[in-house]
Structure formats: structure tokens, C-alpha cells
Amino acid sequence: MDFNVGIMDGGMALLQQLWNEVTQQAMELASETSVVVLNKGSFQEFSKIIFELKVLFGSLNAQKIVDATGSESTRAALETLSFQLEKACKIIKDYKSGSRIRLLFKSHSILLQMQDVAKDIAKAISSFQLINLDIALNLKNKTNQIIDNLSTMEFQSALATDKIASEIEDSISQNCKNQENAEKLLEKIAEAVGASMNASMVQNELELLKQEKEEMEDQKKQAEALQLSQLIQFLYSTEIVTRPQDDIIATYHQQYPIDSFICPLCNEMMTDPVAVLCGHSFERKAIQEHFRRGERKCPTCKQELPSMDLTPNLSLRNSIEEWKQRDMDLKFQAAVPGITSNDLSRQKRALENMQVLLEVPSYAAKFAEEGLIPKLVEILKDKRLNSAAALKCLYYLAKYCDNHQETIIKAGAVRCIVKQIYKDGTEPDAIAILLELSERETHAEKIGNTKDCIPLLVSLLANNNLDISQKAHKVLQNLSSNTHFVVKMAEVGHFQPFVTRFNQGPQETRTLMAAALIEMQLKESSIEDLKNKQFIHNLVQMLSSSAPACKVACLRSITKLVEYPRMVKRLLKDPVTIPHLLGLISFARSDPHEKEEAARILALLIGASQQLELQKYRGLQELQSKHNVSLLLHVVASSDPKTKVQFLHLLVELSQKSETAQNLIRSDEDAVGQLFSLLHSDQPVVKRWTMRLIYCISEGHPAGAPLPPSPAKETAITTLAGILTSSPDIEERSIAAGIISQLPSDDVDIDEILRKSDTLKAIHEVICNADEETDGNMAPGTSLLENALAALLRYTEPTKPELQRQVGKLELYPSLVRVLSRGSSLAKQRAAIALAKLSQSTSQSIYDATIVAKQAKHSMPLMKLLTNMSWCCSTSSENVSICSVHGAACSPRDTFCLVKADAVKPLVRTLSETESGAVEAAIMALETLLTEHSTLSRATAAIVDSQGVVAILQVLEKGSLAAKTKALDLFQKILRNTQITDTLFQRSERILIQLLHDAELKKKAALVLRQMKILPDQSSYF
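Rules of the game
Residues numbered from 1 in each chain as written. Predicted model: local features only at pLDDT ≥ 70, side-chain atom pairs only at ≥ 80, totals over all residues. Heavy atoms only, no water. Helix = DSSP H or I, 4+ residues; strand = E, 2+ residues; numbered from the N terminus. Buried < 20%, exposed > 50% of the residue type's maximum accessible area, 1.4 Å probe, protein only. Lys, Arg positive; Asp, Glu negative; His and termini not counted. Salt bridge = Lys/Arg side-chain N within 4 Å of Asp/Glu carboxyl O. Polar contact = N/O pair within 3.5 Å; in protein donor to acceptor, adjacent residues only side chain to side chain. Contact = heavy atoms within 4.5 Å. Phe/Tyr/Trp six-rings, centres within 6.5 Å; stacked < 30°, edge-to-face > 60°. Pairing = 2+ DSSP bridges. Axes fitted to C-alpha atoms, helices over the stretch in contact; angles between N-to-C directions. Core = buried A, V, L, I, M, F, W, Y, C linked by side-chain atoms within 4.5 Å. Parallel < 35°, antiparallel > 145°, perpendicular 65-115°, else oblique. Left-handed = near helix turned anticlockwise from the far one by under 90°. Patch = residues over 30% accessible without salt bridge, like charges linked within 9 Å, V, L, I, M, F, W, Y side chains within 5 Å. Areas by Shrake-Rupley, 256 points an atom, 1.4 Å probe, with all protein chains shown as cover. Charge placed at Lys NZ, Arg CZ, Asp CG, Glu CD.

Peer 1: Looking at this structure, I do not really get the side chain of arginine 666. What am I missing?
Peer 2: For arginine 666, the position within the fold is in helix α38 (residues 659-667). Of the buried charged residues, arginine 666 lacks a salt bridge, with glutamate 659 as the closest side chain of opposite charge at 9.0 Å. Within the local environment of arginine 666, its side chain forms a polar contact with the backbone oxygen of isoleucine 697, the two atoms lying 2.8 Å apart. Excluding anything up to four places from it in sequence, arginine 666 contacts Val672, Ile697, Ser698, His701, Ala703, Gly704, Ala705 and Pro706.

Written out as C-alpha cells, the structure is:
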């Protein structure tokens, strides 16, 4: 298929369309030109020629022309001709649509334009080269005739038209002083343009002239605007229509030769006129630029200038200044009635003029005295009018007319401005008005009370326009002497004035502001302002006030601030914060609610502090003194339940961070006895917080949990056991288990009480319940399981065989093993420790039993020697397989064995934990398999077969220092008793060599490498 054919067809279609459009343009131009009234002879001749062009194009075959000249040439010629026809049509339409007087006045220049266009159209037709084409002779002749006629055509003005234009010019130059002559001239104009001279005709011409004048002014064509203004004054001089007040200014223009005020070079009114040597005057900058371009002739008379000297034309300058002043007076007189006019267009013009005039203070004062301010505010509300101009006027009035600012506010300008900014965006003048008005305190109060004004101003602080944001900031500063206003500013996030006002204000003001602060939404940016040192000090000082309202507001606002870490540091740095809070607590007459709030703040301060900071800040050091700890304990003992809870909370926070406070509480026997007595409280929350405190002062202490002396000691342990076994509250049971885990380990009385209680059964129940969770998520009982496992460790101590027997009877081992797979890291750690202790104890028992068995081989079966032991994982001994490590010596009923309990693989998996404690405990448990020499090779094989070497190497790569140390010991034992694969050997070599760079581990690593025969015996690492 030939695609070029399609492309050519498409191109021809476009050319044909363009050809048709040109033909239609010629028809339209001929029609428009045929009805022109002025100088109709020239225009009708032109219309006839263009019509002939239309006929010619209709007769020609576009395809033939394209074939002869080419598509590109044809397209270019058509586009050029289309452009020229369109240009001619526009001139004709403008000629017909504007003012007929102006048309007559400037007809000569229009005729010259048409003459040029006619020649351009002739050139465009010639570019088709129709003479050279194979077309009919008559068409060629027609083409030549059209081209000749357009090329030689002259658009001549009629003598009458020229005479009338000259008379108009003379009348204008004489300032149109003779009304009778002006009226006669208007009759001639009407006759020339084919109209009737009457008021309607004059009014219509005036409207057209004014519209054209505005357009020229907008386009900065001052000379043409001046000419139109003079034509307007000519029409008014006929007195056929009454001159409006706002047109009076034009009469003054005619008293001066205004043309002489306009610089011929820049076409603008001169401000610094200077004369060249020939006497002509120009604007200084314009003539200097003229000379800089290398010109040496006068722009006006073209005379060669012997010198470029410039002389200030003071006379002309004074005339211009005088004219400007008079011009402004007349403009003001004309604009005043325009402001109140019902004619929107007149109001718009008046506003445009007035915004310039009011920049002069004297005009602003006159405007205000005319009582026009309310009207200006009313205009501001009208969307049809220029609100920017109205704002500019109001700004100058606010700036220059102090005695009329009240009028601006009463007229509703502030509310109107606020609404406008919210709806339409920010105008700099709008904020400037508020700034001017806010300079007076009475006006500032009204601005601040205007609905939405303060939130708006605060939002403008972040405006991208620096001028707007700075002005908004200054307005807010002017409003900041009012407490109510600074509170409103703070409520929307601007706290600087709030802080300043608070620091400067009396106690009553601070009380109100602190109370307001409680209800505010604070952000990080707000905290940056509020952490002001003086603000915090003044706020804390309110605690020493005798006024209850002041103290309450202060306490509650501090409670709010303590939620933010940066505020905690600032409060702690102030030396009076904690002493004042302790003063409230120690003062006997203090309201219980105040004491509670003070305790809550202290708890929050301690809770948000790091442990080291308790020694850094003086106030926290004082809090840990014996006197103050005793004070807090005394309040716990002597207060109502609600207050008890708050102070117990405080003591918990303090004990968690301070070893000193822990020891002070532990050493106070009365306080310890009081705490354990509170475990019988009928208030669950009191009991819970008491347990938390007991656990806090017990956890990790070498002496374990502090206990009251007997018989209260026994009661306390029984109570804890009862809570663990019977409480419906998970947290209570968890804390009870935690305290039991911390009971003194060497107290046989405690062991006996626990053995006789159901404590172990409760622990077993917790572990089994956790084991039943199918998704591995043990919350909310996670901490309960962890603490239950911690309590279980007492029962697994090898030195406590009676307690160990209880563990065996409850068949607890399988559940412990499963915790290794599904518990938290801490639960896994404790489960591993328990298994390690059980395995350690059983290994020793198996070893002892084996020795005895060898000594009395045939006299007594081994099982009978172990009748008092009960380490079974199952209640039945039937069909039990022989242990791969211990053989027959590892009876399921009588012994606990990691291998038989399937604990080896879970322990190996635990080595991949991120928490070091669980990893170390798992290693410790695995090492218990390697204590008996006779079973070393089989035990080692059990660990290796469970991927133990891989897990150990992972610990050596990523574990903590303590875990790596234990892992190296275990790895060394494994290597002594078994061979590992080449792959593992190479990996372990690489890891161990890397450990040689660790100062703490290099000796152990070197020993293992020597054992692997990688390092020589005499290596420098030993």
C-alpha cells in the first residue's frame, strides 16, 4: 500500500480548507468596507477590489496552483494573504465601532494604515505567481488588474472631513471656550458621520470616549488618553449634556499646555525636566539615555547639539507641580461623590483615584471629615468592587487620622477584614490596618475581642510573605498587654506572649493563666516556649502561696507539663521544685488533694528521669534522704486509700531508680510490717500498689525480699501464697509470684511453708495455661509466666531435694520444655535455668547411683536404690525407650534427663535469641549433659545432632561478651569429644580467628584454635 498517497490527499484537503477560508475572509472584508460612512469613496473602491479578489479565488482551481507551485509555497502565500485580510478587517471594525468623533479626528492616520494594508495584500496575491500558471487569459488579466489597483490605491480624506478635523483641533487648542462655535462644529460632525445632533448622540459619544480613554490609560498610552480627554471636554463645552462632578478635572487640564508636560522621549509626565541647548525640555533620565545611545541631535527639532549640557527647567517643574496639586484637588472633588454613587463603574473609578489621593495625609483628613469611612467599609463588603483599593484607603485613614480610628472600628472594619482574609486570602494592607489600629490600647482591646481575629493573626505568623508575618507579630505584641488575649494566643499555639505576660503579672494573673494552661493542647513547639527558666520558676513559686486556688492551678499545670521530657529537665533544674512539693506533703494542714497531686508530680518527675539524674539534681538527692523517705512512708500509713495509692506509686518510682531509697525502706521494720499488712486491704488498688513496692525493693537485692519478724513473717508468706493461688487478678498473681521468687533463699522456714502450701501447684497451673496458648502470645499473662518461672527456681535448687521432689510429682518438665519454644526471652531464660538445675541434680544422682550399682551389681537392682527419687516425666513406665545418653540409668519415672525430655533441640534453638540472658541459660543447661565422663561422647553427639554446633557458632559471631565466653567453653568441650564436618570446621576457624582481636576473648579463642591444631602450642596468644 502507498501511504504517501494518503498523506498527500490529507495535505491537499488542508490547503483547500485554507483556500476556502481566504475566500470567505475576502467576502467579509468587502462587506465590512462597503458600509463605512466617512471617506466612503475610498472605502467603497477598496471594497469593490476585494470583492473581485473573492470572485477570482472562487474561479481558480486550488489543485492546479498547488501542482504548479508546490504545497509549501501555496500554503505560505495563503497564510500571508489571510493575515493581511484579517488585519484590514480589524482596522475597519475598529474604525466603525469606536467614537465617531474620534474616528473623524484621526481619520487621516486610519486611511494611511489602510493604504499600507492594500499594498501588502497586493504583494501577497503576487506571491501566488498566477501569471505564470496555465489558467484562462481573462483570469490572468483579472489578477493583474487587482494587483495594480491595490498597489496604486490612495485612501484620500474628503476635504470636508479634513476641515472638520482641523476645526476640532482649533477648538481644543482654544480650550473650547465658545459654546456657540462648539455647537455649530458638532452639527458639522453629525452631518459628516450621518447622525442626528441631539443629547442622546452626545451622551453615547461621551460613553465611548470615556471607555476608550480608560483603555489607553490602562495601556499607559498617555498621549492618546490626553487626546481623548480633550475630545470629551469639547463635547461638554456644547452644554447639550450636563457635566458630572467627577469630570470637572478635565476642564483644568485645558488651562495648561499639558502636552508640554509630557516628555517626548518616554511619553510620561516629567518630574525632573531639563532643557538642552536648543531650548526643548525632556525628562532628565530619558534625555541622558538618549545621549548614551550616541545620539547628538535634539529629539524634537532634530538640530545638532554642540554640547550635551542639561539645564534644570525650574519654571516648567513648578508648573507641573502646580498642575499636579490642582489636578489632585479636582480628582478628590470628583472622587468624593463617586464613592457614594450607586453607579458601580463610577464607584470603581472613584476608588482607584482615592487610593492614590489618600496617601497624602491632608486628603485622608478631608475624606474622614466628609464622613465617608462607613461607606468605605460598606464598599469593602461588596464583592463587585475593588476591595484592595478600599483596604488601601482604610490603611491611609488609620495611619493619618488617629481621631477617626474609632469610626473605622465602629463601622465594622476589623470584623470585615478578618472575614475577608479567611475567605479570600491575605492582603498586606489588611494586616497593616490592624497594626495601625492596635497601637492604641482601647482599640487593641476591640481588635482582640473580634471573633476569630487572634487565631487568624497567629496563623499569619507562618505566612510566606515576610512583611505579613512581621506585621501580624507586631499586632499580637500590641494585644499582649491583655491577659485574656495572650491566653487566646496560647490556645492556638502562640506561647511567647503567654510566657512574657505570666512572668510580668501578679499572682492573681498567674493563677488565671495557670488554670487556662491546664485545658490547652500542647505541641512540641509550645514546649519550646514554655521551658523558659523564669516561667518555670514563677510557676513553681506558686506552690508556696497561701491561696488554695493558686496552688491547685499550679499543681495541675505542672502535672500537664511533666508529660514532656524537656519540661521535666527544666523543672528538675529549678532548685525549689522538689522542696516546694515536699513542703506541701509535709504541711499538716495541706488539702489531701494537694498532697495527692504533689505526689503524682514527684512520681512523674522520677519516672521521666534517668537513674544517674537522681544524683545530678539537688532536689532528687533530697528526696532520697531518710527524712523524706520516712515522710512518704508515714503518709502511706496514715492516709485514706486514694492518697495511699498515689504515695505508693511515688515510692515505687523512687525505689525503681534509687538503691538508697530501697535500702531505707527495707531497713525500716515498721514500714515493712505496715506494707505487708496492707496486703489484707479491701481496696484492690491499694493492695496492688503495695505489692509493686514490695517487689520493687526486693528484686535483685542480695538479701531477697524484706520480711517482718515472726510471726508476721509466716503470715506474710502465707498471704503471698494465697494471692498466687487464689487471686482472680492476673497482675496480683504475677507480682506475688515475683515476690516469692525474691524470698530469702537460705530460710528453711520459708521452704517449709511453701512446701505445705499450694504454691507449686499454682506455678504449675500458670505454666500449663501458658503452654495451652496456640499462637505463642501469652499476654496479658506474660509477666505472670515469667514471675511464676522465677518462683519455680526455688523448687529446682539441687540443695532443696524435698522441693525438687514436688516438681517431679507434678510432671512439670514437658511444659517447661515447651516454654523454650513459645515464651518470651525472659521466660525462656528462666525455663532454661530451671532445666539446668534439674539436669545438674539428676546427673549427680545418676552418677551416684551408677557407682552404687557397680559396687553391688547383683545384690540389688538399680531401681530399688532410687526408690525415694521421683523424676518422672510420665506416670507410667511402660514401653519407655532407653535414653541415648544415659542408657538404662535414665529411667523416665525416676530421673529427669534433657535428652529424654526432648529439651536439647529447644535449648539449641534458644541460642538464637537476641537476649543474652536466655542464651547463657541455654548454654548452662546444655553443659549439664557434659559433666559425666562416661557419657561425654554420647552427650556431645546429642548436641551436635541437634545442630548445636551451628547455633554455638552463631553465638560466637553475634552474641554478647558473656554469651560468647560460655559458648567458647561449651564448644571446646564438644571438640574434645567429637569430630565436626569440614564445613563447620572451616567456619569455626574463621570465627575463632576473628575473636583473636577481642581482648577479653582472645586467650580462650586461642586455646580452642590450638585444640583444633590451627595454632601451635608456643603461640604468643598464650
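So that's the structure; there's more coming.
Peer 1: For this particular structure, what's the right way to read unusual backbone geometry?
Peer 2: Note on backbone geometry: most residues besides glycine have negative phi, and most peptide bonds are trans. Of note, the bond from serine 710 into proline 711 is cis; its omega dihedral lies within 30 degrees of zero at 5°. By the secondary structure assignment, proline 711 is in the loop between α40 (684-698) and α41 (712-726). At asparagine 267, a position not held by glycine, the phi torsion is positive, near 60°. Relative to the elements of secondary structure, asparagine 267 occurs in the loop between α12 (249-253) and β1 (273-275). The partly exposed category is assigned to asparagine 267, whose relative accessible area is 30%. Positioned with a positive phi, aspartate 902 is a non-glycine residue whose angle comes to about 55°. Among the structural elements, aspartate 902 can be located in the loop between α49 (862-865) and α50 (904-910).

Peer 1: How should I be thinking about the packing of aromatic side chains in this particular structure?
Peer 2: Given two aromatic rings, their pairing is described by the distance between the two centres and the angle made by the two planes. Counted according to the given criterion, the structure contains 9 aromatic pairs. Each ring, one from tryptophan 19 and one from phenylalanine 57, has its centre 4.6 Å from the other, and the planes form 35°; the classification is tilted. You can see tryptophan 19 sitting in helix α1 (residues 3-34) and its partner phenylalanine 57 sitting in helix α2 (residues 40-59), a full 38 residues away along the chain. The exposure class assigned to phenylalanine 57 is buried, which follows from its relative accessible area of 3%.

Peer 1: Would you mind showing me how to read the sheet that holds strand β3 (residues 311-312) here?
Peer 2: In sheet architecture, strand pairing relies on hydrogen bonds along the backbone and comes in two forms, parallel and antiparallel. Pairing is antiparallel across the open sheet formed by 3 strands, whose spatial order is β2-β1-β3. Of all strands in the sheet, those with a lone pairing partner are β2 (281-283) and β3, marking the two edges. Contacts between helix α13 (residues 284-292) and the sheet are confined to β1, β2 and β3, with β2 contributing the most and set at about 95° to the helix.

Peer 1: What is the right way to read the nonpolar core from this model?
Peer 2: Most often, soluble globular proteins have nonpolar side chains that are buried together. Counting residues in each nonpolar core, the largest one holds 173 residues, and the members touching the most others are Phe498, Leu530, Phe535, Leu792, Leu816 and Leu992. Ranked by size, the runner-up nonpolar core spans 60 residues in total, among them Ala364, Leu391, Leu434 and Leu435.

Peer 1: Just to check I follow, could you spell out the pattern of salt bridges for this structure?
Peer 2: Two side chains carrying opposite charge are able to pair once their charged atoms lie near each other. Applying the stated criterion across every chain yields a total of 34 salt bridges. Salt-bridge contacts for aspartate 429 lead to lysine 392; the nearest nitrogen and oxygen are separated by 3.3 Å. Here the residue aspartate 429 occupies a position in helix α21 (residues 428-438), and lysine 392 occupies one in helix α18 (residues 387-400), the gap between them amounting to 37 residues. Here glutamate 731 ties to arginine 692 by a salt bridge, and the two come within 2.4 Å at their closest N and O atoms. Residue glutamate 731 is found in helix α42 (residues 730-741), and its partner arginine 692 is found in helix α40; the two are separated by 39 residues along the sequence. Its relative accessible area of 31% is what places glutamate 731 among the partly exposed residues. Overlapping salt bridges, with partners in common, bring together Glu524, Glu528, Lys531 and Arg566 in one network.

Peer 1: Explanation requested: the packing of helix α54 (residues 961-977) against helix α56 (residues 1002-1011) in the structure shown.
Peer 2: Packed helices, taken two at a time, are described by the angle their axes make and the gap between the axes. α56 packs onto α54 with a crossing angle of 15° between their chain directions and a minimal axis gap of 10 Å. By the angle between their directions, the pair α54 and α56 is classed as roughly parallel. When the axes of α54 and α56 are compared, the crossing they make is left-handed. Between α54 and α56, the residues in contact are Thr965, Leu968, Asp969, Phe971, Gln972, Leu975 and Arg976 and Lys1004, Ala1005, Leu1007, Val1008 and Gln1011, respectively.

Peer 1: In this structure, what is going on with helix α23 (residues 453-460)? I would like to understand it.
Peer 2: In an α-helix, one full turn covers 3.6 residues, which means residues spaced three or four apart are oriented alike. Most of α23 is tucked away, with 6 of its 8 residues classed as buried. Structurally, α23 contributes buried residues whose contacts are with α20 (413-424), α21, α22 (441-449), α24 (466-479) and α25 (483-491).

Peer 1: Help me understand a positive patch on the surface in this model?
Peer 2: On the surface, a cluster of positive charge is made up of Lys381, Lys383, Lys419, Lys423 and Lys451. Its place among the elements puts lysine 451 in the loop between α22 and α23.

Peer 1: Please clarify how the environment of leucine 391 should be interpreted in this entry.
Peer 2: Along the chain, the position of leucine 391 falls in helix α18. Among the residues examined, leucine 391 registers a relative accessible area of 0% and is labelled buried. Sequence spacing of leucine 391 and isoleucine 433 is 42 residues, and the spatial spacing of their C-alpha atoms is 7.9 Å. Discounting chain neighbours no more than four positions away, the residues touching leucine 391 are Leu380, Ile417, Gln420, Glu427, Asp429, Ala430 and Ile433.

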